[in-house]
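One letter stands for each residue in the lines below.
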Amino acid sequence: MAIRLDKFLSEMGAGTRSEVKKYIRAGLVTVDGIPAKKPELKIDEQQTKVCFRGKELSYVAYEYYLFYKPAGCVSATEDNLHKTVMDYLTDVRRKDLFPVGRLDIDTEGLLFITNDGALAHELLSPAKHVEKTYYAKVEGHVTEDDVNLFKKGVDIGEDVPTKPAKLVVLSEGDISEVELTITEGKFHQVKRMFEAVGKKVIYLKRLSMGNLTLPKDLAPGEYRPLTKQELEHLRNIQHTK
Ligand code: URA
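Quantities reported herein were computed from a predicted structural model and do not represent experimental measurements.

**Student:** How should the nonpolar core be read in this particular structure?
**Tutor:** With 30 residues, the main nonpolar core has Leu89, Phe150, Leu180 and Phe194 as its most contacted residues. Counting residues per element, the ones that place at least two in this core are strand 7 (64-69), helix 3 (85-88), strand 11 (108-114), strand 12 (132-139), helix 5 (144-152), strand 14 (175-182), helix 6 (189-196) and strand 15 (200-209). Contact partners of Leu89, with chain neighbours within four places excluded, come to Tyr65, Phe67, Leu97, Ile113 and Tyr223. Val100, Leu110, Leu212 and Leu214 belong to the second largest nonpolar core, which has 18 residues in total.

Rendered as structure tokens:
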């Protein structure tokens, strides 16, 4: 496939489109060893050797990361007040990465980060029913009644009740510990489901999304690339149903 030289350079983080045009004109970019003159030059991104300020830039079209979102970080790429996901993903190639779906600022746990819009779209599609499992601490006694109510679906003030959700009570007490698996992604869904049964989520952490599980060896704020198997599995979701 062919790509414009200025696009290649800006996608690989050399600068904005207008900056890289200047760099090209200033002779800072070589293509197969020859100083490039035209930003619009079409190159084969896999075969052509592009150097910027003497260093080779290899091209990657897509990147896929698992990120352990800490509390206090927003699931966005830009924010004036808070740290964003991108403040943590410092050692990446693509500049157009984004989180797939959102977690509240106080929610921790698994976020999938990519620039693959088609895959993201499929994962977020309600029709795919991708399972998301959360661990929560909840104020109040969570009981078998709640398990049954969640199985049927609860009214969280939307047009229709929530889809059946699997609630597992890990411990019941003044503060209960639970795991909840839902297949939707409504705004504040887990918190609103517990509110619907008169309880309050005081801690929330996402453990998994589809086949992606929060790795045991990641600490809050850390990230790692998806393995080949994880990516293949995700692509299967994309191509099924
Ligand atoms: N449900 C919530 O209430 N908050 C989240 O961050 C994710 C799911």
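This is not the end of the story, as more comes after the structure.
**Student:** Sorry, what's going on with the site of the ligand here?
**Tutor:** Looking at the ligand, the residues that line it are Leu103, Asp104, Thr107, Tyr134, His188, Gln189, Val190, Lys191 and Leu204. Between the ligand and Thr107, the relevant distance is 2.9 Å, taken from an oxygen atom to a side-chain nitrogen or oxygen of the residue. Between the ligand and the protein, one listed contact pairs a nitrogen atom with a backbone N or O atom of Gln189 at 3.5 Å. Summarising the interface, the protein chains cover 96% of the accessible area of the ligand, which totals 240 Å² for the free molecule. Assessed atom by atom at 2 Å from the grid points, the ligand resides in the largest pocket. Per-element accounting of the shell around the ligand gives the leading share, three residues, to helix 6. For the shell around the ligand, the per-class residue count stands at four nonpolar, three polar and two charged.

Here is what the cut-offs are and how they apply
Residues numbered from 1 in each chain as written. Predicted model: local features only at pLDDT ≥ 70, side-chain atom pairs only at ≥ 80, totals over all residues. Heavy atoms only, no water. Core = buried A, V, L, I, M, F, W, Y, C linked by side-chain atoms within 4.5 Å. Buried < 20%, exposed > 50% of the residue type's maximum accessible area, 1.4 Å probe, protein only. Helix = DSSP H or I, 4+ residues; strand = E, 2+ residues; numbered from the N terminus. Contact = heavy atoms within 4.5 Å. Near = heavy atom within 4 Å. Polar contact = N/O pair within 3.5 Å; in protein donor to acceptor, adjacent residues only side chain to side chain. Areas by Shrake-Rupley, 256 points an atom, 1.4 Å probe, with all protein chains shown as cover. 1 Å grid on protein atoms, 1.4 Å probe; cavity = no way out; pocket = protein on both sides within 12 Å on 5 of 7 lines; lining within 4 Å. Sits in = over half its atoms within 2 Å of the grid points. Nonpolar A, V, L, I, M, F, W, Y, C, P; charged D, E, K, R; others polar.

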